[in-house]
Amino acid sequence: MSVRRLAKVQPDSFAFSKATKAKCDWWIAKYPAERKQSAVIPILWLVQKQEGWVSEPAIRAIGELLGMPFIRVLEVATFYTMFMLEPVGTTALIQVCGTTPCMLRGSGGLMKVCKDKIGPKDTLSADGRFTWQEVECLGACVNAPMAQINDYYFEDLTPETMGQIIDDFAAGKSPKPGPRVDRVNSAPEGGALTLTDTALYDGSAAKPIAKLPNSEPAKAPA
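Residues numbered from 1 in each chain as written. Predicted model: local features only at pLDDT ≥ 70, side-chain atom pairs only at ≥ 80, totals over all residues. Heavy atoms only, no water.

1. Brief notes about the environment of Lys-18
Secondary-structure assignment places Lys-18 in helix 1 (residues 18-28). With 64 residues separating them along the chain, Lys-18 and Met-82 place their C-alpha atoms 24 Å apart. (Helix = DSSP H or I, 4+ residues; strand = E, 2+ residues; numbered from the N terminus.)

If you want it as structure tokens, here you go:
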């Protein structure tokens, strides 16, 4: 198993923005004062949303905010792969699923497009705008192959559609997330094939129930 490390080059300092600090305080208030360290994961996420990644000065700032040893914050940040420990693309972080269903459906072709257009995986592009990674299952196997780009899923991809999505991001556009075929979410392509009779679920075929079962108050034992 590879060890995730902090970036070699770190910023000199970190400061919570006013909006981020307000959200941090909201999370901290959810826990008893002696348990405020429980907010470390959402606060790490808020910092990443502010900066794009989690730096060493940010980890120290989070530790000071929560009264945690810095190493404890680092342990959390290095355990969860959703936290980026070095700068990523300012325009798009592309995470291509490489697990079996996506692999069988052509994720290798998607990764080749990313490599050709952006560069090696896990490496910031020359212009600083893009990073791509191969990741484990993202839970959208029905829509394979797919990728998470920033916060959204792009599904039923081909090398051609992946290339177009990257080009659109590069041009300053905002490609629409979701499937790239004629389907809604994970429904069959072209529309539903089962349970198409609305009477099955709109209540029109339901019979009135005179009395709900087990609706009488429980009686105390004699």
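2. With respect to helix 1
What helix 1 keeps buried is the set Thr-20, Cys-24 and Ile-28. Along the axis of helix 1, the buried residues cluster in a sector spanning 75 degrees; they form a single face. Residues of helix 1 that are exposed and point over 90 degrees away from its buried face: Lys-18, Ala-19 and Trp-26. (Buried < 20%, exposed > 50% of the residue type's maximum accessible area, 1.4 Å probe, protein only. Arc of directions from axis to C-beta.)

3. Observations concerning the sheet that holds strand 3 (residues 147-149)
Across the sheet, five strands lie side by side as 2-1-3-4-5; this open sheet has mixed pairing. Of all the strands in the sheet, the pair left with one neighbour each is strand 2 (130-135) and strand 5 (178-179). Of the pairings in the sheet, the one linking strand 4 (residues 152-155) to strand 5 comprises two bridges and is parallel in character. Each bridged residue has a counterpart across the sheet, and for Phe-154 the counterpart in strand 5 is Gly-178. Helix 6 (residues 107-117) contacts strand 1 (92-97) and strand 2 of the sheet and is inclined by roughly 155 degrees relative to strand 1. (Pairing = 2+ DSSP bridges. Contact = heavy atoms within 4.5 Å. Axes fitted to C-alpha atoms, helices over the stretch in contact; angles between N-to-C directions.)

4. With respect to the packing of helix 3 (residues 56-66) against helix 4 (residues 70-79)
For the pair helix 3 and helix 4, the least separation of the axes is 8 Å and the interaxial angle reads 120 degrees. The angle between helix 3 and helix 4 falls in the class oblique. Here the hand of the crossing between helix 3 and helix 4 comes out right-handed. On helix 4, the residues that touch Ile-59, Arg-60, Ile-62, Gly-63 and Glu-64 of helix 3 are Phe-70, Val-73, Leu-74 and Ala-77. (Parallel < 35°, antiparallel > 145°, perpendicular 65-115°, else oblique. Left-handed = near helix turned anticlockwise from the far one by under 90°.)

5. Thoughts on the pairing of strand 1
The buried fraction of strand 1 amounts to six of the six residues, a majority that puts the element mostly inside the structure. Side chains Ala-92, Ile-94 and Val-96 project from strand 1 onto one buried face, and the interleaved Leu-93, Gln-95 and Cys-97 project onto a second face that is buried too. Two elements, strand 1 and strand 2, share six bridges in a ladder whose sense is parallel. From the neighbouring strand, Leu-93 faces strand 2, where its bridge partner is Thr-131. Pairing of strand 1 with strand 3, which is carried by three bridges, proceeds in the antiparallel orientation. From the neighbouring strand, Gln-95 faces strand 3, where its bridge partner is Gln-148.

Purely geometric numbers; function is a separate question.
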